[in-house]
Amino acid sequence: MGRSGNIIVARSPTVVKVGGSILKPGEVDKVVEKVIERHLMDKDGLIMVVSAMKGVTDMLINAYDRGDASLLSNAVDLYVAEAERMGIRGISNMLSMIKGRLINMLNVKEPWVKDLISVQGELMSVMLIHGLLRELGIDVEAVYDPGIVTDDNWGNARVLGVSSYYVKSRLSWALSRSSVVIAPGFLGYTIEGRLTSLGRGGSDYTASLIASYMGARALYFYTDVEGILTGDPRLMEGVKVVPTLSHSEAYMASVAGAKKFHPNTFKPLLESEVKAIVTSPWSTKGTVIESTCINAPKLVSVSEASKLNLNIGDGYAVTVVGCIMANEDARKVFYEIALSYNSSGVVYDSAGNGAVSIVKDQDDAVKLAKEYHRWVVSWIG
């Protein structure tokens, strides 16, 4: 470790994000122990960014929208039950206090209150996992405010540039005290100190921000699949794990709605050398995301156009992602496939960042996506 002013600078920690899809009741300890087994000896320490347990964020949001104290209580009780199952001492009373405080706020109909309630799952995950690792004898520090500073755009807050200083300061200090640091995803604080939500999928975005600010040696996204897939297996046959993406391709994939990533998930990595890996705790496979690009189409995404940041109208956007899509020959193939389905209105990224989209109604979009997917997987082999 070295010092820079009042900031203790960690050379290059590993950052891992543990997703809610694998933090299920009855399985939290298995998941966390597997991740720790993989990374405890990583050079320069480990920062673990955690999501809420599976389904908890939806429960909390619905509890606030309906003013439903029983639903909120059920969400908190999932953590109580998990703590008791794992034999973690001293957490139940704290969770009961949190529950009472949140129930008292259900009828305060202010946007900031909804954010405060919706991010509690991440904070309770930090508490639970911190307690678990302490019971296992791991040298661990919990940081409930990692330093993400935002505006007050409730529900989809924008991260402010000053976050870099605070994240480096707080997490470097924590790493100087412990080999493992647990931090919540999905949330930030306004300058006035109110909790904010970064939007759905915001825990992935948090992990990328932290990895970028800390100059991480690697960033792992642990989820319920082995990596980013070439397409949605519910719609397409023969989907495969994409072996590698560039930072730019990963960013365009998230903007296009692939794997339900927050659209800004990979934006902090665009100007960095941080290598990211999307994988499962139980898999040796995964998608590697780095600065270089292999010239091939990588994946197909189908999403409601109105929910994307592409400004391409209504309907369903079928997007092919791959840096090869900046090339004339690849675009020609894209157009030919579109024309074979009597499709028009192709919209592509004018900056050549590697994504081409077309908007259709739902049925035609699915048919077209399947055809594009056959072309994409023919490159992967």
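Right, let's walk through the structure included here.

About the criteria used
Residues numbered from 1 in each chain as written. Predicted model: local features only at pLDDT ≥ 70, side-chain atom pairs only at ≥ 80, totals over all residues. Heavy atoms only, no water. Helix = DSSP H or I, 4+ residues; strand = E, 2+ residues; numbered from the N terminus. Contact = heavy atoms within 4.5 Å. Areas by Shrake-Rupley, 256 points an atom, 1.4 Å probe, with all protein chains shown as cover. Lys, Arg positive; Asp, Glu negative; His and termini not counted. Charge placed at Lys NZ, Arg CZ, Asp CG, Glu CD. Disulfide = S-S within 2.5 Å. Buried < 20%, exposed > 50% of the residue type's maximum accessible area, 1.4 Å probe, protein only. 1 Å grid on protein atoms, 1.4 Å probe; cavity = no way out; pocket = protein on both sides within 12 Å on 5 of 7 lines; lining within 4 Å. Points joined across faces, edges and corners; volume = space filled by probe spheres on them. Nonpolar A, V, L, I, M, F, W, Y, C, P; charged D, E, K, R; others polar. Pairing = 2+ DSSP bridges. Polar contact = N/O pair within 3.5 Å; in protein donor to acceptor, adjacent residues only side chain to side chain. Core = buried A, V, L, I, M, F, W, Y, C linked by side-chain atoms within 4.5 Å. Axes fitted to C-alpha atoms, helices over the stretch in contact; angles between N-to-C directions.

We now examine the overall build of the protein chain. Across its full length, the protein chain holds eleven helices and 17 strands. Dimensions of the protein chain, computed from the C-alpha atoms along their principal axes, are close to 65 × 50 × 40 Å. For the protein chain, contacts bridging at least 24 residues in sequence account for 73% of all contacts bridging at least 6. Accessible surface for the protein chain amounts to roughly 16,500 Å². Of this, 48% is attributable to carbon and sulfur atoms. Charge centroids of the protein chain, computed over 39 positive and 41 negative side chains, lie 3 Å from each other.

The next thing to look at is the state of the cysteines. Under the defined criterion, the tally for this structure stands at one disulfide. Here C293 engages in a disulfide with C323; their sulfurs sit 1.9 Å apart. Taking the sign of the S-S torsion, -95 degrees for the link of C293 and C323, the bridge is left-handed. Placement of C293 in the loop between β13 (287–290) and β14 (299–304) and of C323 in the loop between β15 (316–321) and α10 (328–340) is noted, with a sequence separation of 30 residues between them. On the accessibility criterion, C293 (33% relative accessible area) is partly exposed.

Let us now look at the layout of surface pockets. Of the voids in this model, the second largest pocket is the one considered here, and its volume is about 160 Å³. As for the second largest pocket, its lining consists of I88, R89, G90, I91, M94, M127, H130, G131, R134, E135 and Y144. No other element matches the five residues that helix α6 (residues 120–135) contributes to the lining of the second largest pocket. In terms of residue class, the lining of the second largest pocket is built from five nonpolar, three polar and three charged.

A separate point is the pairing of strand β17 (residues 355–360). Of all the six residues making up β17, six are buried; the element is thus mostly covered by neighbouring parts of the structure. Neither face of β17 is left uncovered, since the one carrying A355, S357 and V359 and the one carrying V356, I358 and K360 both have all their residues buried. In the sheet, β15 pairs with β17 via six bridges, with the strands oriented antiparallel. Each residue of the ladder has a partner; that of Y316, found in β17, is K360.

Let us now look at the environment of T150. Mapped onto the elements, T150 comes out in strand β6 (residues 149–150). When the C-alpha atoms of T150 and I36 are compared, they prove to be 30 Å apart, with 114 residues separating the residues in sequence. Aside from chain neighbours lying at most four places away, what touches T150 is A157, R158, V159, L160, G188, Y189, T190, I191, T196 and L198. Among the polar contacts made by the side chain of T150, one reaches the side chain of T196 at a distance of 2.9 Å.

Attention shifts here to the environment of M48. Mapped onto the elements of the fold, M48 is located in strand β4 (residues 46–50). On the accessibility criterion, M48 (0% relative accessible area) is buried. With near-sequence residues (within four places) excluded, M48 lies in contact with V16, V18, V32, V35, I36, I129, V181, I182 and A183.

The subject of this paragraph is the pairing of strand β8 (residues 187–190). Along β8, one buried face is formed by L187 and Y189 and the opposite face, lined by G188 and T190, is buried too. Strand direction decides the pairing type here: β6 and β8, joined by two bridges, are parallel. In the sheet register, V149 faces β8, and the bridge partner there is Y189. The pairing of β8 with strand β9 (residues 195–197) spans three bridges and is antiparallel. Following the sheet pairing, G188 is matched in β9 by T196.

It is worth spelling out the nonpolar core at this point. The biggest cluster of nonpolar side chains holds 58 residues, and the ones touching the most others in it are M48, L95, I117, L133 and I182. Tallying contributions element by element places α6 first for this core, with eight residues. In contact with I182, other than residues within four places in its own chain, are M48, V50, V126, I129, L133, V140, E141, A142 and V143. Residues A174, I228, M252 and V321 belong to the second largest nonpolar core, which totals 42 residues.

Reading across from one edge, β5-β7-β4-β3-β10-β12-β13-β11 is the order of the eight strands in this open sheet, with mixed pairing throughout. Looking at strand neighbours, the two that pair on one side only are β5 (140–142) and β11 (244–246), the edges of this open sheet. Between one strand and the next, the sheet's axes are offset by a mean angle of 20 degrees, whatever the strand orientation. One ladder, built from five bridges, connects strand β3 (residues 14–18) with β4; its direction is parallel. In the sheet register, K17 faces β4, and the bridge partner there is V49. Strands β4, β5 and β7 (180–184) of the sheet are contacted by α6, whose axis makes an angle of about 160 degrees with β7.

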